[in-house]
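# Analysis of the macromolecular model
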Amino acid sequence: MDNIKISIAKDFSITPGPRYKKEGPFSGEEFKEKILNDAFSKALENGIKIVVDLDGTIGYGTSFLEEVFGGLAREKGIDNVKKTIEVISNEEKYLIDDIDDYITHANEKH
Amino acid sequence: MTILHMLTRNINGKLLNIIIGATLIAFGVFIGFYVLLYFITAQFTLSSIVDLTLDPTDILSLLVTVVLAVYVTGKLSKKNEEERAEKDLLIEDIKKFKDGFSKDLNEVLNSSVIELTRVTATFKIFRMKLNAMTNLVGEYDFREAEAKLKSLDEKVRDIRDLLTDTPQVSSTKKAGIIISAGNISLESETRYRIESNINDIASGVFGAVVAINRN
């Protein structure tokens, strides 16, 4: 089975928003609910990866990324997320390190 | 490609400076010594110490020395000009980044409504520019300046965090910002911390410029 590919710009929004749905549209919470959670369960079941492409949006706020990746790690486990999620970004390669940080420190109060 | 060009191509600018300086000084001291002796004492004539027989080998050696001095000086001067031009271009880029970042960020902060998407777009552009500049500076071996620009990226990221990071629901941390309907409201302490980081960026840029000039 092939890896699951998700492009935030194409599959969700080119204007990613805040952390929670109550804070505004296209939040990290909304992205997890609508797209990532199901894909993650499927990937974990089948032993495949999810490749998340960050390119093509106008930019990301810290809490969107922290809620998506750090939040997923809090719900599903840091090790599970690290072995299942692969992040790619040609436009902003430094975001990959930022996201790794959010996952690693997911269980610290933020 | 001439032999002289091949010889001087890979020599560092500073080393060339030293070589040519030493050559010219030695040559000047040699000429000056005999001219001085000639004028100091009437009894001392050049012919008493210098064999005035013209040896073709000596003339050739002298000519080669003079040609080498002129050629290397010319090459060195061109190399120094090129290095100066590279430094000036990098410095201008860094200063433009700083001025643009301060201006755009202050416009955002002084807006009546601070839109989250406008903030994220601003920071995407500036982090990309800063990273491109850092890579360029690194390619030209300005290592100290490269390190300073990398620390600037941390400051830019800190400001982005201050403007776009709301705490988790379970957190007891005091919110520095509140986001509602995609718009940001800043606490005054957060605004102060952002301005402090902007000042740190200005200092960091100054440090990077000094490092490039010193290289």
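A brief look at the structure comes next. Since this is a predicted model, take the numbers as computed values, not measurements.

## Regarding the overall build of chain B
- Check the secondary structure of chain B and you find seven helices and three strands.
- The linear arrangement of helices and strands in chain B, starting from the amino end, is α-α-α-α-β-α-α-β-β-α.
- The buried share among the 215 residues of chain B stands at 30%.
- Of the contacts made within chain B by residues no fewer than 6 positions apart, 69% connect residues no fewer than 24 positions apart.
- Of the roughly 13300 Å² of accessible surface on chain B, 60% is carried by carbon and sulfur atoms.

## Structural notes on the packing of helix 3 (residues 62–76) of chain A against helix 5 (residues 94–104) of chain A
Residues and elements named next belong to chain A.
- Following both chains from N to C, one finds helix 3 and helix 5 inclined at 50°, their axes separated by 8 Å at the closest point. Relative to helix 5, the element helix 3 lies oblique. For the element pair helix 3 and helix 5, the recorded crossing hand is right-handed. Here Thr-62, Leu-65, Glu-66, Phe-69, Gly-70 and Ala-73 of helix 3 come into contact with helix 5, specifically with Leu-95, Ile-99, Tyr-102 and Ile-103.
- Each residue belonging to the contact of helix 3 with helix 5 can be placed in one class, and the counts come to seven nonpolar, two polar and one charged.

## Quick word on the sheet that holds strand 1 (residues 114–115) of chain B
- An order of 1-3-2 (chain B) is seen for the three strands of this open sheet, with the pairing classed as antiparallel. Two strands in the sheet have a free side with no partner beyond their single neighbour: strand 1 and strand 2 (177–180) of chain B.

## Thoughts on the sheet that holds strand 2 (residues 50–53) of chain A
All names here are of chain A.
- An order of 1-2-3 is seen for the three strands of this open sheet, with the pairing classed as parallel. Strand pairing shows two members of the sheet lacking a second neighbour, strand 1 (4–7) and strand 3 (85–88), which therefore form its edges. Shown here is a sheet whose adjacent strand axes are inclined to one another by a mean of 20°, direction ignored.
- As paired strands, strand 2 and strand 3 are joined by four bridges and run parallel to one another. Along strand 3, the bridge assignment pairs Val-51 with Glu-86.
- Relative to the sheet, helix 2 (residues 28–46) contacts strand 1, strand 2 and strand 3, its axis offset from that of strand 1 by approximately 165°.

## Description of the pattern of salt bridges
- Summed over all chains, the structure comprises 27 salt bridges over all chains.
- In this structure, Lys-82 of chain A engages Asp-100 of chain A in a salt bridge whose closest nitrogen and oxygen atoms are separated by 4.0 Å. Of this pair, Lys-82 of chain A sits in helix 4 (residues 78–84) while Asp-100 of chain A sits in helix 5; the two residues are 18 residues apart in sequence, bridging distant segments of the chain.
- For Lys-82 of chain A, a relative accessible area of 37% corresponds to the partly exposed category.
- Judged by its relative accessible area of 39%, Asp-100 of chain A is partly exposed.
- Asp-153 of chain B serves as the salt-bridge partner of Arg-127 of chain B, at 3.1 Å between the closest nitrogen and oxygen. Taken together, the positions of Arg-127 of chain B in helix 5 (residues 116–139) and Asp-153 of chain B in helix 6 (residues 143–164) put the pair 26 residues apart, joining distant regions of the chain.

## Focus on the nonpolar core
- By size, the foremost hydrophobic cluster in this structure holds 36 residues, and its most contacted members are Phe-101, Leu-105, Ile-159, Leu-163 and Ile-194 of chain B.
- The contacts of Leu-163 of chain B, once residues within four sequence positions are left out, are Leu-105, Leu-109, Val-119, Phe-123, Ile-177, Ile-184, Leu-186 and Ile-194 of chain B.

## Examining a nonpolar patch on the surface
Residues and elements named next belong to chain B.
- A surface patch of nonpolar side chains, amounting to about 600 Å² of accessible area, comprises Phe-27, Phe-30, Ile-31, Val-35, Leu-62, Val-66 and Val-70.
- Elements supplying a minimum of two residues to the nonpolar patch: helix 2 (13–40) and helix 4 (56–109).
- Looking at the nonpolar patch element by element, the count peaks at four residues for helix 2.
- Here Val-35 lies in helix 2.

## Notes on the interface of chain B and chain A
- On the chain A side, the residues contacting the 24 residues of chain B number 27 residues.
- Counting the surface lost from both chain B and chain A, the interface buries some 2100 Å², and carbon and sulfur atoms represent 47% of this.
- Among the residues chain B hides against chain A, the three largest losses belong to Lys-124, Arg-160 and Gln-168 of chain B. Together they make up 29% of the total.
- Our count for the chain B to chain A interface comes out at five salt bridges.
- Two residues, Asp-98 of chain A and Arg-160 of chain B, come together in a salt bridge whose shortest N-O distance is 3.7 Å.

## Quick notes on the packing of helix 6 of chain B against helix 7 (residues 188–214) of chain B
Residue and element names in this part refer to chain B.
- Taken N-terminus to C-terminus, the directions of helix 6 and helix 7 make an angle of 170°; their axes are 9 Å apart at the nearest point. Compared by their axis directions, helix 6 and helix 7 come out roughly antiparallel. You can see that helix 6 and helix 7 cross each other, and the crossing is left-handed.
- Of the residues assigned to the contact of helix 6 with helix 7, the class counts are 14 nonpolar, four polar and seven charged.

## Quick notes on the side chain of Gln-168 of chain B
- By secondary structure assignment, the location of Gln-168 of chain B is in the loop between helix 6 and strand 2.
- Residue class for Gln-168 of chain B comes out buried when judged on its relative accessible area of 8%.
- At a separation of 3.4 Å, a polar atom in the side chain of Gln-168 of chain B contacts the side chain of Arg-74 of chain A.

Conventions adopted
- Residues numbered from 1 in each chain as written.
- Chains lettered and ligands numbered in written order.
- Predicted model: local features only at pLDDT ≥ 70, side-chain atom pairs only at ≥ 80, totals over all residues.
- Heavy atoms only, no water.
- Helix = DSSP H or I, 4+ residues; strand = E, 2+ residues; numbered from the N terminus.
- Buried < 20%, exposed > 50% of the residue type's maximum accessible area, 1.4 Å probe, protein only.
- Contact = heavy atoms within 4.5 Å.
- Areas by Shrake-Rupley, 256 points an atom, 1.4 Å probe, with all protein chains shown as cover.
- Axes fitted to C-alpha atoms, helices over the stretch in contact; angles between N-to-C directions.
- Parallel < 35°, antiparallel > 145°, perpendicular 65-115°, else oblique.
- Left-handed = near helix turned anticlockwise from the far one by under 90°.
- Nonpolar A, V, L, I, M, F, W, Y, C, P; charged D, E, K, R; others polar.
- Pairing = 2+ DSSP bridges.
- Salt bridge = Lys/Arg side-chain N within 4 Å of Asp/Glu carboxyl O.
- Core = buried A, V, L, I, M, F, W, Y, C linked by side-chain atoms within 4.5 Å.
- Patch = residues over 30% accessible without salt bridge, like charges linked within 9 Å, V, L, I, M, F, W, Y side chains within 5 Å.
- Buried area = accessible area lost by both parts, 1.4 Å probe.
- Polar contact = N/O pair within 3.5 Å; in protein donor to acceptor, adjacent residues only side chain to side chain.

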